[in-house]
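# Examining the three-dimensional arrangement
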Amino acid sequence: MAEPVPEIAGAATTGGTEQPHELKWLGLNAEGYIAIAFVIFVGLLLYVKVPKMIAEALDGRATKVRADLDEAKRLRAEAEALLAGYKAKAETASHDAEHILSTAKTEAAAIVADAQRQAEAVIARRTAMAETKIAAAERAAEASVRAQAVDFATAAARRIIVAHDDPAEAARLTSAAISELDRRLH
């Protein structure tokens, strides 16, 4: 069997369903008071100028972000300029190195050619000096041989003269030897 349902004070029953009783004060229910409180809260926020403070904070933040972006752009442009400068310096250094290398090769070739010319000149001078010394030695040897020939001829003539002890013949042989010496020496 079904037990009877106790009635709650203030609750009305209609056809077997219960309806909660709404509290009303000054003709407003709870939602109305919440709406009024919200309007008062928003009004208070507007009165204290909270939206303006929020807008200023957001504007300040936007300005700071914009300044940071401008600074980043400036730094990037500066870095790109530095990079371009370093690339130009590297390219210039590369060209300078190539120029120095080609100049060094040219100078080395000139030094080698000059050294070769100097060596050839030294060899030519030494060869000429050697030939001069050889010619002088040949002349000295020839003079020495002539002097020895004169000495041998003189000694031979002396022996012949002593062996023939004829004064007339000795005079004739001496004059022949003297005249022959003049012809042989010159």
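Further remarks concern the overall build of the protein. The helix and strand tally for the protein stands at 3 helices and 2 strands. Counting helices and strands in the order they occur from the N terminus, the protein gives β-β-α-α-α. A buried classification covers 2% of the 186 residues belonging to the protein. Just so you have it, the protein exposes about 16200 Å², and 66% of that area is on carbon and sulfur atoms.

Bringing a nonpolar patch on the surface into the picture now. Judged by side-chain polarity, Phe38, Val39, Phe41, Val42 and Leu46 come together as a nonpolar surface patch covering roughly 500 Å² of accessible area. By the secondary structure assignment, Phe41 is in helix α1 (residues 30-47).

Moving on: the confidence of the model for the protein. This prediction gives the protein a mean pLDDT of 82; 83% of its residues lie at or above 70. Within the protein, helix α2 (residues 50-164) carries the highest mean pLDDT (89), whereas strand β1 (residues 12-14) carries the lowest (49). Long-range and interchain partners of residues 5-13, a stretch whose pLDDT sits below 50, account for 9 contacts in this model, where long-range means more than four residues apart.

Turning to unusual backbone geometry, a few remarks are in order. Positive phi is not limited to glycine here, since Lys49 has a value of about 65°. Locating Lys49 in the fold gives a position in the loop between α1 and α2.

Now for the pattern of salt bridges. For the structure shown, the criterion picks out 5 salt bridges. Residues Glu142 and Arg146 are paired through a salt bridge, measuring 2.9 Å at the closest nitrogen-oxygen approach. Of this pair, Glu142 and Arg146 both sit in helix α2, 4 residues apart, which is roughly one turn of the helix. For Glu142, a relative accessible area of 43% puts it in the partly exposed group. On the accessibility criterion, Arg146 (33% relative accessible area) is partly exposed. One connected set of salt bridges, linked through shared partners, spans Glu71, Arg74 and Glu78.

Moving on: α1. Quick reminder: α-helices carry 3.6 residues per turn. Residues three or four places apart thus point the same way. When the terminal C-alpha atoms of α1 are compared, their 25 Å separation across 18 residues agrees well with the 26 Å that a helix rising 1.5 Å per residue should span. Within two residues after α1, Lys49 carries a phi angle of roughly 65°, on the positive side.

Criteria and thresholds
- Residues numbered from 1 in each chain as written.
- Predicted model: local features only at pLDDT ≥ 70, side-chain atom pairs only at ≥ 80, totals over all residues.
- Heavy atoms only, no water.
- Helix = DSSP H or I, 4+ residues; strand = E, 2+ residues; numbered from the N terminus.
- Buried < 20%, exposed > 50% of the residue type's maximum accessible area, 1.4 Å probe, protein only.
- Areas by Shrake-Rupley, 256 points an atom, 1.4 Å probe, with all protein chains shown as cover.
- Patch = residues over 30% accessible without salt bridge, like charges linked within 9 Å, V, L, I, M, F, W, Y side chains within 5 Å.
- Salt bridge = Lys/Arg side-chain N within 4 Å of Asp/Glu carboxyl O.
- pLDDT = per-residue confidence, 0-100.
- Contact = heavy atoms within 4.5 Å.
- Expected span 1.5 Å × (residues − 1).

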